[in-house]
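If you want the building blocks of each chain, they are given just below.
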Amino acid sequence: MPEIIHFRGSEKIMKKKKLEKDVATTLQYLEEMLRGTLYKRELTLLALNDCDWREGDFSILDGRRYQYKGFKKGVAIEGNFASCEYILEGLFRLQIGFDKGRIETGILMLTSERSEKSRLGTSIELAKLEVEQLYPTISMPVTIALFDLGTPDLPDENSVKGGEELGVSISTIPQDAEYSEEDQQEWEPFP
């Protein structure tokens, strides 16, 4: 289960909307589905669709293609698993919906993975600090879910298993030197 941090009464809003179990189940399902994968965007949308978070209007601004990842009962889900630094953009997107009256609270999903060289503490400490520092610009009730999804297990492109190459061998395109002058003269230029 991802690490969950609630700010400004977001858990009370989800409890009032009877979404506590739904949110917990959805976040756990997302974690199980995304662990160790490389392409997370498509799988995230598929998982949110499976959990009924992809129904209805989840646009952020009228007339624009900006959308939340999911929406249900006045709660938006937004996120990015590529970088923990998405916290600022994600909170800003949720705040727009809150200020326009489209959502009552939001859930921001982020990766908990950060550089080993970081001197800023744990991901939880950093998330708490940034939400506090962004006040009053970001003032909405929000929940942050930090996911530890591991690293994708990718095979080495040049690896050999049991004496055989992995993958399919593809021949290269012949060079001009492999053709006679007569062949080259018969070529027609591109229109």
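Before any of the text, the structure's been laid out above.
Residues numbered from 1 in each chain as written. Predicted model: local features only at pLDDT ≥ 70, side-chain atom pairs only at ≥ 80, totals over all residues. Heavy atoms only, no water.

Trainee: Lay out the overall build of the protein chain in plain terms, naming residues and giving numbers.
Mentor: The helix and strand tally for the protein chain stands at 6 helices and 7 strands. Expressed as a percentage of its 191 residues, the buried residues of the protein chain come to 37%. Sequence-distant contacts in the protein chain: of pairs separated by 6 or more residues, those separated by 24 or more amount to 68%. When the accessible area of the protein chain is evaluated, it comes to approximately 12,900 Å², of which 50% is carbon and sulfur surface. (Helix = DSSP H or I, 4+ residues; strand = E, 2+ residues; numbered from the N terminus. Buried < 20%, exposed > 50% of the residue type's maximum accessible area, 1.4 Å probe, protein only. Contact = heavy atoms within 4.5 Å. Areas by Shrake-Rupley, 256 points an atom, 1.4 Å probe, with all protein chains shown as cover.)

Trainee: Tell me what's going on with helix α4 (residues 87-99), and back it up with residues and numbers.
Mentor: Given 3.6 residues per turn, any residue in an α-helix points the same way as the ones three and four places further on. Here α4 is 13 residues long and its end C-alpha atoms lie 18 Å apart, about the 18 Å a rise of 1.5 Å per residue gives. Among all positions of α4, only Ile87, Gly90, Leu91, Arg93, Leu94, Gln95, Ile96 and Gly97 are buried. Residues of α4 that are buried sit in contact with β3 (75-80), β4 (105-111), α5 (123-133) and β5 (142-147). With its phi angle positive at about 80 degrees, Gly101 sits one or two positions after the end of α4. (Expected span 1.5 Å × (residues − 1).)

Trainee: Describe in detail the sheet that holds strand β1 (residues 3-7), supporting the description with residues and values.
Mentor: Two pairing modes exist for strands in a sheet, parallel and antiparallel, and in both the strands are linked by backbone hydrogen bonds. A sheet is described by the order of its strands in space; here 5 strands give the open sequence β1-β5-β4-β3-β2, paired in mixed fashion. Only two strands of the sheet have a single neighbouring strand rather than two, namely β1 and β2 (70-72). Across the sheet, the axes of successive neighbouring strands diverge by a mean angle of 20 degrees, strand direction being ignored. With 6 bridges joining them, β3 and β4 adopt parallel strand pairing. (Pairing = 2+ DSSP bridges. Axes fitted to C-alpha atoms, helices over the stretch in contact; angles between N-to-C directions.)

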